Amino acid sequence: MQANSDEMAMSRRPSGSMLAPCALAAVVASPAFVTPLWQSAPSRASPGSTAALSGIDAVGESAPQGGAPQGGAAMAAGAAVGMLMGARAVAGQRRGGHQKPRIGLTARRAAAVRELRPRDRTDGHGWIKEDPQFTDTDNASVASTHTVTFKKRPSGIKRYTHGMDGKGAMVMEMAEKARYPGDPLGQAAVAGVKKGFVVKSVAGKDVRGWDFEDIMDLLEDYVPNPDVQSTAAFKSGKVTREKKNKQVDFPAEIEYMELKEGAVTAGAPAAASMPKGAWMPRLSPWSDEDLKKERERAMAFPDPANYTGPRYTNASSLDEAWIKKLIAFQKDGGNLPKKDAYLLVLDTIARLRSETTLMDVVVKPGQTLTVFGDLHGQYFDVMNMLDMTGLPSETKPFLFNGDFVDRGSWSIEVITLLFAMKLKDPDRVYFNRGNHEMLEANIIYGFAGETGSKYDLELFNLFSEAFRNLPLLHLINKEILVVHAGLPGPRPRVWLPGQTHDPEDAVPVNVQPCMLDEIRTVDRYTELSPNSYKAAVDDSPRQEEKYETDTRMIIDFLWADPRGGAGYGPSYRKSRGVFMFGPDVTQQFAQANKLKMVIRSHEVKSQGWLQDHPSLMSVFSAPNYLDTGGNSGAFLQLTPGADGTLDIKPTTFTAVPHPDLPAMHHQQFITNKHPHLTRTMTKKQKDMGDEFGDSDFAGYAGPDDWEEVEAGQKVKA
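Residues numbered from 1 in each chain as written. Predicted model: local features only at pLDDT ≥ 70, side-chain atom pairs only at ≥ 80, totals over all residues. Heavy atoms only, no water.

Draft legend 1. Seen up close, the overall build of the protein. Secondary structure assignment for the protein yields 16 helices and 31 strands. Of all intrachain contacts in the protein linking residues separated by at least 6 positions in sequence, the fraction that spans at least 24 positions is 78%. In the structure as shown, the protein presents an accessible area of about 24900 Å², 51% of it carried by carbon and sulfur atoms. (Helix = DSSP H or I, 4+ residues; strand = E, 2+ residues; numbered from the N terminus. Contact = heavy atoms within 4.5 Å. Areas by Shrake-Rupley, 256 points an atom, 1.4 Å probe, with all protein chains shown as cover.)

Below is the structure:
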């Protein structure tokens, strides 16, 4: 990887070199929900570039909300690198409403107003937290009207949203252009419909002041989504609403209103500029000398007075009794002393540096390998799992498949326990990196704030270094591959604007599948920027450089999801650069690499696990995710069978009680103590999602979908 590339490539370089610039955004104002964001960087950076942070609120890959953000603009927190980089950020807010935590992601308006159900609709229409506020009955806000005729469904409009108190319907997502003459999905674009247009009448019926759902019943205009079956874990739990209106027959005339500039205003002022000396995450690589000095600094920390918990000095001091004592101590609210925590992380970094991008593991007869999915800081559920599995041992190795931290409010306890088990049994405990073992996510989803509140943010910098050294995949007995998210994407990696989730509108499987030997060569030591995702696809086929191929595969390993349709399709998680992959992609990859199964995590599953494809299984180990998911957790146990091949046994479990502390609780640390990390942002566009397509729940806001709002700035609808 090259320091002067558009990627935020952290290749191992001499101390003093800087990473290519990028900006990180985090949401902290409302600790219920967060959306991450690395801002794109200039194409060239000088080694002396400086770092700057910005952002605020709490919204994420998309998750159930409790106490949702308010306002048409978004508050976000984040980090920026580079002297030319303005700090950017993200988080959704919406006036007049709070989100009720429940399955299906429900939007609740003020208590006196009826409840609305965004994205519970099978047609994909509905409000998403970043959508603008508007009214369709204020004639003074109308700049012009436009009447169009749609000949048949679908017209190419992917999503409408509602205005104040659930009234009206505004175009929020649509096909940008016709793909070919007569393309039905290009009807709206060809007719001149634009994002932000508000429906005035449908087939001669004036619908101003109507409830959003009633207008949608008339239109029934949407792009079919074949991926709902594979990604909407709780589809069967929907509530059926009695329709008041019968859909109109097409062809039909639709009259739209174009709102005046300023009809929508930003809901919050821009944050204060960064004060001199404010904390920023370290974005330069750690050399051996840097780590040696940090160890010396940690050794000088004072020992705590009246401390009665376990002490960590080095890996040789760990045994099963120590691990059990740590589990009980943390359960009662204790944490290791600061000195011990630093030494534990430093020793883990040293161990992880000796590992590789793709690790080979052999499970022998008499052994059982347990694979855990996302944990997300749910320490009490982790303890419950360990009660079922026992601690790792010679006969019971463990593989933790990423997303150890963030979201849950006991991430420190989880990662401390995992690192301690790793150091005690380095050849029996294995880790894969997940998308929540990345700097961008950690500042946004709570782990940075939790580390700062329980220790300090310099320890967070060490955790980030440990995460950058995590392996990405594990190959078990040469027959089962375990990766956090997904498989390598299409080659050539060409982006098709306007591509839908229609199975016939897919990028076909690769002519030559990616092989494990190529994956082994990937340089995993990196952080991703928004520019990483934008640069992860091309407008036309071309020859990639090695660092580009590496970055693109890392994005796939950390972000991709399976889908029901064939080939490759666009992801719900990002607006550009991330793909979903079909069963034919999995089959080709598995057959070429002689794999029996691919195991991944990354998505909430109602029973904690799911066989998405014949050769693909998902496992998610955080039950009742964010205390509102309603899902079970699961783990998978791999045991050699009579024929020598591995049998896979899933075990499902439910959530256990925990202390009365909400998810994302420690994000307050960033909000209150680091207000310089905040910026007011407005949404430029929004990806359509299903209920659980993101599983950190769908509708994820992409990193390049936001722009900064200055105080008093007007925002177009």
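Draft legend 2. View of the packing of helix α7 (residues 379–389) against helix α8 (residues 411–424). Viewed as axis vectors pointing N to C, α7 and α8 meet at an angle of 35°, and their least axial separation amounts to 8 Å. Two secondary-structure elements touch here, α7 through Y379, V382 and L386 and α8 through E413, V414 and L417. (Axes fitted to C-alpha atoms, helices over the stretch in contact; angles between N-to-C directions.)

Draft legend 3. The arrangement of the sheet that holds strand β26 (residues 616–619) in detail. Strand order in the open sheet made by the six strands is β15-β19-β20-β24-β26-β25, with mixed pairing throughout. Lying at the two open borders of the sheet, with one neighbouring strand each, are β15 (358–361) and β25 (609–613). Here the strands of the sheet are splayed against their neighbours by 20° on average, with no regard to which way each runs. With four bridges connecting them, β15 and strand β19 (residues 473–476) associate as parallel partners. (Pairing = 2+ DSSP bridges.)

Draft legend 4. Seen up close, the pattern of salt bridges. In the structure shown here, the tally under the stated rule is 43 salt bridges. In this structure, the salt-bridge partner of D183 is R179, at a minimum N-O distance of 3.0 Å. The partner of D539 in a salt bridge is R576, and the shortest N-O contact between them spans 3.8 Å. Of this pair, D539 sits in the loop between α13 (530–534) and α14 (546–559) while R576 sits in the loop between β22 (568–570) and β23 (579–581); the two residues are 37 residues apart in sequence, bridging distant segments of the chain. We classify D539 as exposed; its relative accessible area is 66%. Counted as one network, the salt bridges with shared partners bring together D288, R353, R433, E465, R468 and E527. (Salt bridge = Lys/Arg side-chain N within 4 Å of Asp/Glu carboxyl O. Buried < 20%, exposed > 50% of the residue type's maximum accessible area, 1.4 Å probe, protein only.)

Draft legend 5. Structural detail: the side chain of Q667. Checked against the element boundaries, Q667 lands in the loop between β28 (646–653) and α16 (668–673). A polar side-chain atom of Q667 sits 3.1 Å from the main-chain amide nitrogen of G446. (Polar contact = N/O pair within 3.5 Å; in protein donor to acceptor, adjacent residues only side chain to side chain.)

Draft legend 6. The arrangement of α7 in detail. Counting buried residues along α7, nine of its 11 residues qualify, which places the element largely inside the surrounding structure. Tucked into the core, α7 has its buried residues touching α5 (320–331), β16 (369–372), β17 (398–400), α8, β27 (633–640) and β28. Of the residues flanking the end of α7, it is G390, one or two places downstream, whose phi is positive at about 80°.

Draft legend 7. The arrangement of the environment of S606 in detail. Relative to the helices and strands, S606 resides in the loop between β24 (597–600) and β25. Separated by 23 residues in the primary sequence, S606 and G629 have C-alpha atoms spaced 8.7 Å apart.

Draft legend 8. Representation of unusual backbone geometry within the structure. Note that the residue after F250, namely P251, is joined by a cis bond; omega there is 5°. Relative to the helices and strands, P251 resides in the loop between α3 (228–231) and β13 (252–259). Notably, H376 is not glycine yet its phi reads approximately 50°, a positive angle. Note that H376 resides in the loop between β16 and α7. Of note, D403 is a non-glycine position whose phi angle comes to about 55°, a positive value. Tracing the backbone through its elements, the reader meets D403 in the loop between β17 and α8.

Draft legend 9. Spatial organisation of the environment of Y525. Here Y525 lies in the loop between α12 (516–519) and α13. Note: C-alpha distance between Y525 and I554 (29 residues apart in sequence) is 9.9 Å. Engagement of the side chain of Y525 in a polar contact is seen with the side chain of E465, the distance being 2.7 Å.

Draft legend 10. Here's a closer look at helix α2 (residues 212–219). Burial of α2 is extensive: eight of the eight residues sit out of reach of the surface. Here α2 has its buried residues at F212, E213, D214, I215, M216, D217, L218 and L219. Just past α2, the residue E220 takes up positive phi, approximately 45°.

Draft legend 11. Structural detail: the pairing of β26. Across the two faces of β26 the burial is the same, with L616 and S618 and M617 and V619 all buried. In the sheet, β24 pairs with β26 via three bridges, with the strands oriented parallel. By the bridge assignment for β26, I599 is matched with M617. By the bridge criterion, three bridges tie β25 to β26 in an arrangement that is antiparallel. The partner of H613 across the bridge, within β26, is L616. Adjacent in sequence and paired antiparallel, β25 and β26 are bridged by two residues.

Draft legend 12. Representation of the packing of aromatic side chains. Scanning the model with the defined rule gives 25 aromatic pairs in all. Relative to F463, the ring of F419 lies with its centre 6.0 Å away and its plane at 40°, an arrangement referred to as tilted. Taken as a pair, F419 in helix α8 and F463 in helix α11 (residues 457–468) lie far apart in primary sequence, 44 residues in all. For the pair shown, F419 and F463 are each scored as buried. Of note, K338 hangs over the ring of F301, and the distance from its end group to the ring centre comes to 4.6 Å. (Phe/Tyr/Trp six-rings, centres within 6.5 Å; stacked < 30°, edge-to-face > 60°. Lys NZ or Arg CZ within 6 Å of the ring centre and 35° of its normal.)

Draft legend 13. Spatial organisation of the sheet that holds β22. Across the sheet, which stays open at both edges, the three strands sit in the order β21-β23-β22 with mixed pairing between neighbours. Looking along the sheet, the strands with just one partner apiece sit at the ends: β21 (561–562) and β22. Of the pairings in the sheet, the one linking β22 to β23 comprises three bridges and is antiparallel in character. Paired with P570 across the bridge in β23 is F579.

Draft legend 14. The arrangement of the nonpolar core in detail. Judged by nonpolar contacts, the single largest core of 63 residues is most densely connected at F400, F404, L417, F419, F431, L462 and F463. Element by element, the count of residues in this core is highest for α8, at nine residues. The residues contacting F419, other than those within four sequence positions of it, are L344, V345, T348, F431, F463, A466 and F467. One finds L516, Y533, W559 and A590 within the second-largest nonpolar core, a separate group that totals 35 residues. (Core = buried A, V, L, I, M, F, W, Y, C linked by side-chain atoms within 4.5 Å.)

Draft legend 15. Looking closely at the environment of E320. Within the secondary structure, E320 sits in helix α5. With a relative accessible area of 38%, E320 lands in the partly exposed category. For E320 and M421, which are 101 residues apart along the polypeptide, the C-alpha to C-alpha distance reads 8.9 Å. Setting aside residues no more than four positions away along its own chain, E320 makes contact with L391 and K424.

Draft legend 16. Representation of the packing of helix α4 (residues 288–299) against helix α6 (residues 338–353) in the model. Close contact between α4 and α6 brings their axes to 9 Å; oriented N to C, the two are set at 160°. Considering their axes alone, α4 and α6 lie roughly antiparallel with respect to each other. Note that α4 runs across α6; the crossing there is left-handed. Mapping the contact onto sequence places D288, L291, E294, R295, R297, A298 and M299 in α4 and K339, Y342, L343, L346, D347, I349 and R353 in α6. Taken together, the residues of the contact of α4 with α6 sort by class into seven nonpolar, no polar and seven charged. (Parallel < 35°, antiparallel > 145°, perpendicular 65-115°, else oblique. Left-handed = near helix turned anticlockwise from the far one by under 90°. Nonpolar A, V, L, I, M, F, W, Y, C, P; charged D, E, K, R; others polar.)

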